[in-house]
Amino acid sequence: MKAFATVWGAGAARYANALLLATAATVLGAVSAVAIAPGLVAPFSGHALLPEAVVAQSGFPACVGFAACLVVLLASRLGWPVSTTHALVGGLLGTTLASGVGADVPTF
């Protein structure tokens, strides 16, 4: 309810009006998310960004999710701005780099 806190805290609206506005914005955002979610699946699945050899690995989704969670937790703990989109994209790219696919990684 960041919208509520901002509008009410700034004195831009009375309590009831700020609550109504924030509730309406939240509902509209949820309905919009349902409408655009199918279009977001492809970019965030990694298929559009990464080699198929990486995306096909069974642990890939868990690694991306774990990396994104760590970034969000760390940023929250340090008081930095948090972007789940940036965390997910970073998780996708970081997991790809860590996999070594496409790189000449020496084996020992």
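Refer to the preceding data block for the structure.
In what follows, the accompanying structure is described. Being a predicted model, the structure only gives us computed values, none of them experimental.

**Points about the overall build of the protein chain**
Then, number 1: The helix and strand tally for the protein chain stands at 5 helices and 0 strands.
Then, number 2: N-terminal to C-terminal, the α/β element order of the protein chain is α-α-α-α-α.
Then, number 3: Residues counted as buried form 16% of the 108 residues belonging to the protein chain.
Then, number 4: Partitioning the contacts of the protein chain with sequence separation of at least 6, the portion at a separation of at least 24 is 47%.

**Looking at helix α4 (residues 60-78)**
Then, number 1: The terminal C-alpha atoms of α4 lie 27 Å apart, and with 19 residues this matches the ideal 27 Å at 1.5 Å per residue to within 8%.
Then, number 2: The positive-phi residue at the C-terminal boundary of α4 is G79, with phi of around 80 degrees.

**Digging into the environment of L97**
Then, number 1: Structurally, the position occupied by L97 is in helix α5 (residues 84-99).
Then, number 2: By relative accessible area, L97 is classed as exposed at 73%.
Then, number 3: Counting along the chain gives 43 residues from L97 to V54, while the straight-line C-alpha distance between them is 9.5 Å.

**Observations concerning the nonpolar core**
Then, number 1: Listed in full, the 6 residues of the largest apolar core are L50, V54, V55, F60, V64 and L92.
Then, number 2: Counting only elements with at least two residues in this core, the list comes to α3 (52-55) and α4.
Then, number 3: Among all residues touching V64, those that are not within four sequence positions of it are L88, G91, L92 and T95.

**Regarding the side chain of T95**
Then, number 1: For T95, the position within the fold is in helix α5.
Then, number 2: For T95, the residues in contact, after removing those within four places along its chain, are F60, C63 and V64.

**Here we look at the environment of V72**
Then, number 1: Its place among the elements puts V72 in helix α4.
Then, number 2: Along the chain, V72 and A87 lie 15 residues apart, while their C-alpha atoms are 6.7 Å from each other.
Then, number 3: Leave out the neighbours within four places in its chain, and V72 touches V82, T84 and A87.

**Points about the packing of α4 against α5**
What describes two packed helices is the angle between their axes and the distance between those same axes.
Then, number 1: α5 packs onto α4 with a crossing angle of 135 degrees between their chain directions and a minimal axis gap of 8 Å. Classified by the angle their axes make, α4 and α5 are oblique. Between α4 and α5 the crossing geometry is right-handed. Every residue of α5 that contacts α4 at F60, C63, V64, A67, A68, V71 and V72 is listed here: T84, A87, L88, G91, L92 and T95.
Then, number 2: Partitioning the contact of α4 with α5 into residue classes produces 10 nonpolar, 3 polar and no charged.

**Focus on α5**
Then, number 1: Along its 16 residues, α5 runs 22 Å from first to last C-alpha, staying within 8% of the 22 Å computed at 1.5 Å per residue.
Then, number 2: Inspection of α5 places A87, G91, L92, T95 and T96 among the buried residues, and these make up the whole buried set. The buried residues of α5 all sit within an arc of 165 degrees when viewed along its axis, so they share a single face. Set apart from the buried face of α5 by more than 90 degrees, the exposed residues are H86 and L97.
Then, number 3: Downstream of α5 by a residue or two, G100 has a phi angle that is positive, lying close to 75 degrees.

The rules behind each value
- Residues numbered from 1 in each chain as written.
- Predicted model: local features only at pLDDT ≥ 70, side-chain atom pairs only at ≥ 80, totals over all residues.
- Heavy atoms only, no water.
- Helix = DSSP H or I, 4+ residues; strand = E, 2+ residues; numbered from the N terminus.
- Buried < 20%, exposed > 50% of the residue type's maximum accessible area, 1.4 Å probe, protein only.
- Contact = heavy atoms within 4.5 Å.
- Expected span 1.5 Å × (residues − 1).
- Core = buried A, V, L, I, M, F, W, Y, C linked by side-chain atoms within 4.5 Å.
- Axes fitted to C-alpha atoms, helices over the stretch in contact; angles between N-to-C directions.
- Parallel < 35°, antiparallel > 145°, perpendicular 65-115°, else oblique.
- Left-handed = near helix turned anticlockwise from the far one by under 90°.
- Nonpolar A, V, L, I, M, F, W, Y, C, P; charged D, E, K, R; others polar.
- Arc of directions from axis to C-beta.

From the geometry alone we can't say anything about function, so treat these as descriptive.
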